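Chain by chain, the residues:
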Amino acid sequence: TLTVVFFELTGHGVTIGYHRLFTHGSFKAKRPLKIALAVLGGMAVQGPVITWVADHRRHHAFSDREGDPHSPWLFGTSAWALTKGFWHAHLGWMFQRDNTSNKERFAPDLLRDEDIVALDRLFWLWTVLTFLLPAVLGGLITLSWTGALTAFFWAGLVRVSLLHHTTWSTNSICHMIGERPFKSRDKAANFWPLALLSFGESWHNSHHADPSCARHGVKRGQMDTSARCIRIFEKAGWVSGVKWPTAERLAKL
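Our subject in this report is the structure included herewith. (Residues numbered from 1 in each chain as written. Predicted model: local features only at pLDDT ≥ 70, side-chain atom pairs only at ≥ 80, totals over all residues. Heavy atoms only, no water.)

### Concerning the nonpolar core
In this structure, Phe 22, Phe 27 and Ile 116 are the most contacted members of the largest nonpolar core, which totals 35 residues. Contributing elements (two or more residues each) for this core: helix H1 (2–23), helix H2 (31–42), helix H3 (49–61), helix H7 (114–121) and helix H11 (225–235). In contact with Phe 22, other than residues within four places in its own chain, are Gly 17, Lys 34, Ala 38, Val 49, Val 53, Arg 57, Leu 110 and Ile 116. (Core = buried A, V, L, I, M, F, W, Y, C linked by side-chain atoms within 4.5 Å. Buried < 20%, exposed > 50% of the residue type's maximum accessible area, 1.4 Å probe, protein only. Helix = DSSP H or I, 4+ residues; strand = E, 2+ residues; numbered from the N terminus. Contact = heavy atoms within 4.5 Å.)

And the structure:
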């Protein structure tokens, strides 16, 4: 149970907070929610919020072209080139970052936000808490060290690893395999098997066709739990200016 709870909280922290709010401005959030989403996103251990946003905005600026930090198509279209590209897009790119992916160029708005700058600097704390909290809760619930260690392993280590591979799969699989119902400048594709696990992020062709849209699964039946959460936040009055996929918006794609 702890594993699922922490997976859902930190995963949505990335998809709703890091991605749809801070990177693409799909909606505006009140300060408490903005801070909560930044903290939960940090607890996914995918990097400080400003660095994550800068990398992702660079990805959209150069998607599947030279300059894209994690395109699987950068080495060619042969079997070996795509194998190498898949590894690069999924994981290898993080070991090859260069200075073109900098905060000043791609995230100047976040550098002007005092809250985000402070939370960005506290990334070490969110990393510690994401492993410490499951262990503490596991220990308290079971009143045993075994419970604490079990929770640390499953709700800490395994959960973070699974969440990383889910996000990386959007970079790799969703730029190689799937359907492309909308026009985009790249090879981003909708890959339905990942929809639930990725919180709606695997509707990637839809996202690249309209990056600022708050809902990625824009067609009937396309599950997008991140969009569902945003809708709940909107009804609660915690967010405003949500960019929903209206008929007029979709007609332009």
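This is not the end of the story, as more comes after the structure.
### Looking at the layout of surface pockets
Size it by volume and the largest pocket reaches roughly 330 Å³. Mapped onto the lining of the largest pocket, the elements with two or more residues apiece are H1, H3 and helix H9 (145–172). Considering each element in turn, the lining of the largest pocket owes the most residues, 7 residues, to H9. Of the residues contributing to the lining of the largest pocket, the split by class is 8 nonpolar, 13 polar and 3 charged. (1 Å grid on protein atoms, 1.4 Å probe; cavity = no way out; pocket = protein on both sides within 12 Å on 5 of 7 lines; lining within 4 Å. Points joined across faces, edges and corners; volume = space filled by probe spheres on them. Nonpolar A, V, L, I, M, F, W, Y, C, P; charged D, E, K, R; others polar.)

### Some words on helix H4 (residues 79–90)
Relative to the 16 Å expected for 12 residues at 1.5 Å per residue, H4 spans 16 Å between its end C-alpha atoms, a close match to the ideal helical length. Burial in H4 covers these residues: Ala 81, Leu 82, Gly 85, His 88, Ala 89 and His 90. In this structure, the buried residues of H4 make contact with H9. (Expected span 1.5 Å × (residues − 1).)

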